[in-house]
Amino acid sequence: MRAMTSVPQPRTEAAPASDAVVELRPIETFEVFYRRELPALVAFAGALSGSAWAEDIAQEAMLAAYRQWDVVARLDIPAAWVRRVCANRAVSMFRKRAVEARGLLRLSSRRDEAEPIADENAAFWAHVRRLPRRQAQVIALHYIYDLGVVEIAATLGCAEGTVKVHLSRGRAALARRIVRSPEEQL
Amino acid sequence: MSIDDLGRAAATDVRRKATQEIDPTRMLKQLRRKQRNRSVATAVAVVGVVAAGTILVANGALPGHHQSGNTASRPSPSPTISGPCHNALVTCLGGNKYLVALTVPVTVTLPANFQGAFAQSGNASGVFEDYRTDNANAGITVMENATPVKYDASWSQDPTAGNTAASIATWLSKRPFLSHTSLTRTIVGGRAAWRVSGDLKPGAALPAEKNGTGPVAPTFTDTPYNTAGYRPGLTGQYTLLDVPGAGVTVIWSWSNTNQGLISNQAYIDGLSFG
């Protein structure tokens with residue numbers, strides 16, 4: 001949650017692993033985890049932030065996991081932890097860059113220019129990035145990782161009902177924006 | 001084509017591109033190098049702080065010592081490779097201290113249970129917030145030049161609140177949507193402050209709509225972008241102080257539980273202004 005634009009919402013890292021001492025599954029090495037999760041994480045970061053910073057954001061999220069791998073590896077779903085970190089960093093980065101860009105445009109008295117769109121798929125993510133933070137995260141998790149409501153709620157640390165609302169509102173907003181005439185889009 | 005079809009096609013496309021374009025082996029090496037550099041940087045920063053402390057002692061600049069005419073060294077900004085030091089808003093002062101460039105700069109002594117996100121939103125320069133590492137539903141928002149707002153949908157200033165930290169704290173403690181409120185005096189960063197706690201009354205009206213998060217009982221805003229309020233499942237504690245140049249500054253501690261607020265306290269205790 002960004003208190004700034006709104007009241008606080010759940011955000012970032014999950015709670016550390018419990019003190020339970022029984023290991024029910026083998027602990028994966030970070031390298032195996034990294035190689036398996038990185039491509040989708042870069043895609044996820046790119047969807048939420050734009051491709052220019054995707055690798056950096058995914059790498060920062062992985063670095064955060066690497067630094068505390070002994071804890072993260074023992075979580076039920078380590079990938080959910082790193083996806084949540086990535087989701088928050090990606091949206092923050094996008095919003096920060098957008099604010100900076102608007103400021104620069106104001107200073108130079110130019111009209112706000114739309115983000116260049118390469119194709120229909122890129123246009124879809126550009127629309128997603130303009131959704132409210134949580135809606136964008138829920139939509140990206142749903143499509144990129146093919147996650148359902150329960151998994152998204154676990155990833156973002158919020159209630160399933162909240163995810164349903166964001167998913168529904170996000171889809172509706174995307175439908176409204178994408179079906180408008182091309183001149184109006186973005 | 002439905003939104004679902006578009007979304008799935010777009011996801012397939014972005015995953016395919018990522019798989020084609022990234023080199024995990026190269027990136028893994030880069031990640032490990034970053035971690036090594038960070039460890040070295042931390043060690044350098046620690047040595048720097050110790051050295052600076054030694055110089056301060058030698059110059060008699062520590063409390064209880066005579067101040068000489070020499071200029072004591074300050075710890076230089078940390079050369080940390082990533083994290084808060086990459087935030088344009090933040091100057092890393094070494095150790096766990098950070099200077100956040102709000103209208104009036106804020107020094108943060110970061111507790112271990114906070115991220116150091118120093119996140120900003122909107123185009124305001126008077127607000128940042130930070131988040132817990134051990135609780136996804138808790139954090140702190142610092143809002144300079146905070147405006148108390150009416151209990152309606154307008155997010156407009158409530159003139160009955162007054163314009164000092166003391167009067168606004170009293171106003172807040174009497175908001176009709178709060179119960180079990182308390183108002184206490186405290187000190188933050190050496191300045192007098194007022195702390196208000198309270199719970200949202202069951203069934204209280206939530207007249208102000210917030211983009212993306214639904215309705216709230218509004219409390220403060222500083223611009224059209226940055227707002228604070230109560231909603232079910234989100235409890236809060238507000239600390240207010242008068243900061244020259246930053247008007248009434250609000251430190252909003254928020255969490256889904258009262259225990260979460262208690263664990264936020266170290267962050268507030270580590271704040272100073274100006």
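Residues numbered from 1 in each chain as written. Chains lettered and ligands numbered in written order. Predicted model: local features only at pLDDT ≥ 70, side-chain atom pairs only at ≥ 80, totals over all residues.

Colleague: Outline the overall build of chain A, supporting the account with residue identities and numerical values.
Modeller: The helix and strand tally for chain A stands at eight helices and zero strands. Counting every position in chain A, which comprises 186 residues, the buried fraction comes to 50%. Contacts in chain A between residues far apart in sequence, at least 24 positions, make up 66% of those at least 6 positions apart. (Helix = DSSP H or I, 4+ residues; strand = E, 2+ residues; numbered from the N terminus. Buried ≥ 20, exposed ≤ 12 C-beta atoms within 10 Å, placed from the backbone. Contact = placed C-beta atoms within 7 Å.)

Colleague: Explain the pairing of strand 5 (residues 138-143) of chain B residue by residue, including any values.
Modeller: Residue and element names in this part refer to chain B. Burial analysis of strand 5 places six of its six residues in the buried class, the great majority of the element. Alternating positions in strand 5 separate into two faces, A138, I140 and V142 on one and G139, T141 and M143 on the other, with burial throughout. Pairing between strand 4 (residues 127-131) and strand 5: five bridges, direction antiparallel. Across the sheet, the residue bridging to Y131 is G139, located in strand 5. Connecting the antiparallel pair strand 4 and strand 5 is a turn made up of six residues. Of the strand pairs in this sheet, strand 5 and strand 13 (residues 248-255) are connected by six bridges, and their pairing is antiparallel. Looking at strand 13, one finds that A138 is bridged to S255. (Pairing = 2+ DSSP bridges.)

Colleague: Tell me what's going on with the sheet that holds strand 14 (residues 271-273) of chain B, and back it up with residues and numbers.
Modeller: Residue and element names in this part refer to chain B. In spatial order, the strands read 1-2-3-14; together these four strands make up an open sheet with antiparallel pairing. Unpaired on one side and paired on the other, strand 1 (90-94) and strand 14 mark the two borders of the sheet. Going from strand to strand, the sheet's axes swing by 20° on average, the running direction of each strand aside. As judged from the four bridges shared by strand 2 (residues 97-100) and strand 3 (residues 106-109), these two strands associate in the antiparallel manner. From the neighbouring strand, V100 faces strand 3, where its bridge partner is V106. (Axes fitted to C-alpha atoms, helices over the stretch in contact; angles between N-to-C directions.)

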